[in-house]
Amino acid sequence: MPVESLLPADSPRLEGLNEDHARALAESGTEFEPILVHRDTGRVIDGMHRLRAVVLRGEHRIAVRHVDGASADLFIRSVQANIRHGLPLTLGDRKAAVLRILTTHPHWSDRAIAAVTGVSPKTVGVVRGKRSTEESPQSNPSLPRVGRDGRARPADMPERREKARSLLTERPRATLREVAQEAGVSVSTAHRLRQELRSGAPDPDERAPGARGDSPYLAALVAAPPRYTGLAALPSPADRSPRGVPGIRVRALDVLSNDPSIRFTDSGRALLRWLNGQAQGLAAGEQLLAAVPPHCARALTEVMSHYAREWERLAAGMQRTDPVNGAWRAVR
């Protein structure tokens, strides 16, 4: 489309266009991905820096991808696109986006808005609380909220889960249906909480203590796996670790989960999900080992040792990474 036919974006960036970034794109010489444009209005949804770079190159047309949708949803689409790639949004940009989305979509859950804006659900809850006392009663926290899966849930679910947990602890002989009815939760939630109490694993719907507000994957990564008996009663990872190593691991994971180049890219988020899966696998593995018969211990040890050696090989490769000139594979 002709660049002069496009309207500027309703950008989530409080300071607007970053001219230095646009100039760097213009000088890069790369071919740009199509920008997102609202079909009905011609307004740019995502790609203002690319549009400016095209102008700086002296070009008059730019590739676009048309997007349909209600005007109230265009800002959300813009925030999502800017979170995924390009120049990262600042924390101020993201908090401002939270406030605006709460105005247009007050029925969305804290987690749903957090997923769009790249902040923690706790941060969304704080902004929602301030808004509910200062502005519209429409943001009343007692109203049901729609989660990322499209299902409506009561806003006070954390309190309901805590009540169900207390009932399960105080009345261990109560049926799941009784607990669910009294606490106002589903039977499946009551069942999950009972399993959590028995295993000592954290509730996946709640954040682990000590995890920082903007680290959605860190809570699961640093959660200590449950102890168990069996197969010579292996010690927990905390018992096996030298003094100070767990703290170093937590800090390193915190750095990863808060680094914009990791958190705000598809590959970075995939890496965090992968690490999260590895941590969950270790926790599940320690429970599964309790059921291994003694005569299988030697074969299982060989398999586990093989995986451990592969992890050591990957770690050694990362230690040889050139931090300036390329990815770790290029210097292995």
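The residue count restarts for each chain, going from 1 along the sequence in the order it is written. Given that this is a predicted model, residues contribute local features only at a pLDDT of at least 70 and side-chain atom pairs are listed and counted only at 80 or more, while totals for whole chains, interfaces and linings are drawn from all residues. Calculation of side-chain values draws on the structure's entire complement of heavy atoms; hydrogens and water are dropped beforehand.

Draft legend 1. Broad picture of a nonpolar patch on the surface. Patch building starts from residues that exceed 30% relative accessible area and form no salt bridge, then joins like charges within 9 Å and nonpolar side chains (Val, Leu, Ile, Met, Phe, Trp, Tyr) within 5 Å. Exposure was quantified through the Shrake-Rupley algorithm and a 1.4 Å probe, taking into account, for residues, occlusion by the shown protein chains and nothing else. Here, a salt bridge means any side-chain nitrogen of Lys or Arg that lies within 4 Å of a carboxyl oxygen of Asp or Glu. Together, Leu 271, Trp 274, Val 303, Tyr 307 and Trp 311 give the surface a local cluster of nonpolar side chains, amounting to about 500 Å² of exposed area. The helix count covers DSSP runs of H or I at least four residues long, the strand count covers runs of E at least two residues long, and both are numbered beginning at the N terminus. Looking at the nonpolar patch, the element that brings in the most residues is helix 15 (residues 297–319), giving 3 residues.

Draft legend 2. Quick look at the pattern of salt bridges. Applying the stated criterion across every chain, the model contains 10 salt bridges. Arg 100 is paired through a salt bridge with Asp 10; the nearest N and O atoms lie 2.3 Å apart. Taken together, the residues span a long stretch of sequence, with Arg 100 in helix 4 (residues 91–104) and Asp 10 in the segment before helix 1 (19–28) at a distance of 90 residues. Residue classification places Asp 10 among the partly exposed residues on the basis of a relative accessible area of 32%. A salt bridge links Arg 313 to Glu 310; its shortest N-O distance comes to 3.0 Å. One end of the pair, Arg 313, and the other, Glu 310, are both in helix 15, 3 residues apart, so they sit about a helical turn from each other. Each residue is assigned to one of three classes by its accessible area relative to the maximum for its type, calculated with a 1.4 Å probe on protein chains only: buried under 20%, partly exposed between the two thresholds, exposed over 50%. Glu 310 sits in the partly exposed class, given a relative accessible area of 31%. Through salt bridges that share partners, Glu 19, Asp 20, Arg 23 and Arg 52 make up one connected network.

Draft legend 3. Region of the structure containing the nonpolar core. In terms of nonpolar packing, the biggest core is built from 15 residues, with Val 79, Val 98, Ile 101, Ile 113 and Val 124 touching the most fellow members. Residue assignment for this core shows that the elements contributing at least two residues are helix 3 (71–84), helix 4, helix 5 (110–117) and helix 6 (121–134). Among the nonpolar cores identified, the runner-up in size contains 12 residues, and Val 3, Ala 26, Val 44 and Ile 62 belong to it. Only buried residues count toward a nonpolar core. Its members are Ala, Val, Leu, Ile, Met, Phe, Trp, Tyr and Cys residues joined through side-chain atoms within 4.5 Å.

Draft legend 4. Spatial organisation of the pairing of strand 1 (residues 35–38). Going residue by residue along strand 1, you find Ile 35 and Val 37 tucked away on one face and Leu 36 and His 38 tucked away on the opposite face as well. Only strands joined by at least two bridges in the DSSP assignment are considered to pair. Across 2 bridges, strand 1 lies against strand 2 (residues 44–46) in antiparallel orientation. Looking across to strand 2, one finds that Leu 36 is bridged to Asp 46. Hairpin geometry of strand 1 and strand 2 is characterised by an intervening segment of 5 residues between the two adjacent antiparallel strands and by a positive phi of about 75° at Gly 42.

Draft legend 5. A look at helix 3. Helix span is expected to be 1.5 Å times the residue number reduced by one. Here helix 3 is 14 residues long and its end C-alpha atoms lie 21 Å apart, about the 20 Å a rise of 1.5 Å per residue gives. Inspection of helix 3 places Leu 74, Phe 75, Ile 76, Ser 78, Val 79, Ala 81, Asn 82 and Ile 83 among the buried residues, and these make up the whole buried set. Gly 86 sits one or two residues past helix 3 and shows a positive phi near 75°.

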